[in-house]
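The primary structure of each chain is shown beneath.
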Amino acid sequence: MKKHILPKLPYSFDALEPYMDAKTVEIHYSKHHQTYVDKLNLALEKHPELFDKKIEDLLAKLDKIPEDIRTPVRNVGGGHANHTLFWEILSSKKQNCHSKILKAIEKTFGSFNDFKKQFTDKSLAFFGSGWVWLVVDSKTKKLEIVCTGNQDTPLSIGKRPILVIDLWEHAYYLKYQNRRGEFIDAWWNLVNWNRVEELFNN
Ligand code: MN3
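Residues numbered from 1 in each chain as written. Predicted model: local features only at pLDDT ≥ 70, side-chain atom pairs only at ≥ 80, totals over all residues. Heavy atoms only, no water.

Pulling in residues and values, what's your account of the nonpolar core?
Formed by 51 residues in total, the largest nonpolar core has its most connected members in Phe115, Leu134 and Trp187. Grouped together as the second largest cluster of nonpolar side chains are 15 residues, Tyr36, Leu59, Val73 and Leu155 included. (Core = buried A, V, L, I, M, F, W, Y, C linked by side-chain atoms within 4.5 Å. Buried < 20%, exposed > 50% of the residue type's maximum accessible area, 1.4 Å probe, protein only.)

Given below as structure tokens:
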């Protein structure tokens, strides 16, 4: 039986300053994300055979999860997987989008700036708590921008996420309060395009 653990943050709490402040990163990672991991482990104790499966595989087939823990797996399991990707695709080193992912973005959205505008507009317009994603559709292999509420993940609808922004207020409220637009603009400076490229090529 292998319990889920909080993945190591690939940078220090203050590495994303000034765009994302150290206190927000610390609380978001060591409190919010940790709680999702703990609650997921607690739920899986009722069906310990599921500890052998990867979280992505559990979320991809929610209908196969026993009914008594399906909702917690969806909510806190989603919270764990979503935050894992969220941290992974951020970097303290400013990077430009390049290589194959840039070509694919240009092919789908016209230009990088058109993609950035669409992604930003959807993030601004999104109501409530949730996530905006760049995904690869498992069947068509095409890029798409997808929004999900709460802790839902595109994995559950057959789409593979490669970029994501967390639009829950806990992701930005300490520094930006109600100014979600400023947070989204700042977030673009942190995207780890090298990692997004790797995820795209996988
Ligand atoms: Mn969050």
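Having seen the structure, we can now continue with the description.
An account of the coordination of the manganese ion is needed here, citing residue identities and associated values.
Looking at the metal site, the manganese ion is ligated by His28 (NE2), His83 (NE2), Asp166 (OD) and His170 (NE2), spaced 2.0 to 2.2 Å from it. All donors to the manganese ion come from one chain, and their sequence spacing reads H-x54-H-x82-D-x3-H. Of this pair, His83 sits in helix α3 (residues 67-88) while Asp166 is found in strand β3 (residues 159-166), placing the two residues 83 residues apart along the sequence. (Donors = N, O, S within 2.8 Å, 3.2 Å for Na, K, Ca; no water. Helix = DSSP H or I, 4+ residues; strand = E, 2+ residues; numbered from the N terminus.)

If you had to explain helix α7 (residues 180-187) to someone new, which residues and values would you point to?
Within α7 the residues assigned to the buried category are Arg180, Phe183, Ile184, Ala186 and Trp187. End-on, the buried residues of α7 take up no more than an arc of 165°, which puts them together on one face. Contacts from the buried residues of α7 go to α3, α5 (112-125), β3 and α6 (173-176). (Arc of directions from axis to C-beta. Contact = heavy atoms within 4.5 Å.)

How would you summarise the pattern of salt bridges if you had to cite specific residues and measurements?
Pairing is possible between side chains of opposite charge, provided their charged atoms come close. In this structure the tally under the stated criterion is 8 salt bridges. Across the pair Lys3 and Glu45 runs a salt bridge whose closest N-O atoms are separated by 3.0 Å. Of this pair, Lys3 sits in the segment before α1 (22-44) while Glu45 sits in the loop between α1 and α2 (55-60), and the two are 42 residues apart along the sequence. The shortest N-O distance in the salt bridge between Asp121 and Lys117 comes to 2.7 Å. (Salt bridge = Lys/Arg side-chain N within 4 Å of Asp/Glu carboxyl O.)

How would you explain unusual backbone geometry if you had to name every residue and give the values?
Omega for the bond connecting Glu17 with Pro18 falls within 30 degrees of zero, at 0°, which places this linkage in the cis form. Summarising the element assignment, Pro18 is placed in the segment before α1. Of note in this structure, Asn150 is not a glycine but carries a positive phi near 55°. The exposure class of Asn150 is partly exposed, given its relative accessible area of 46%. In this structure, Gln177 is a non-glycine residue whose phi angle is positive, near 45°. Tracing the chain through its elements places Gln177 in the loop between α6 and α7.

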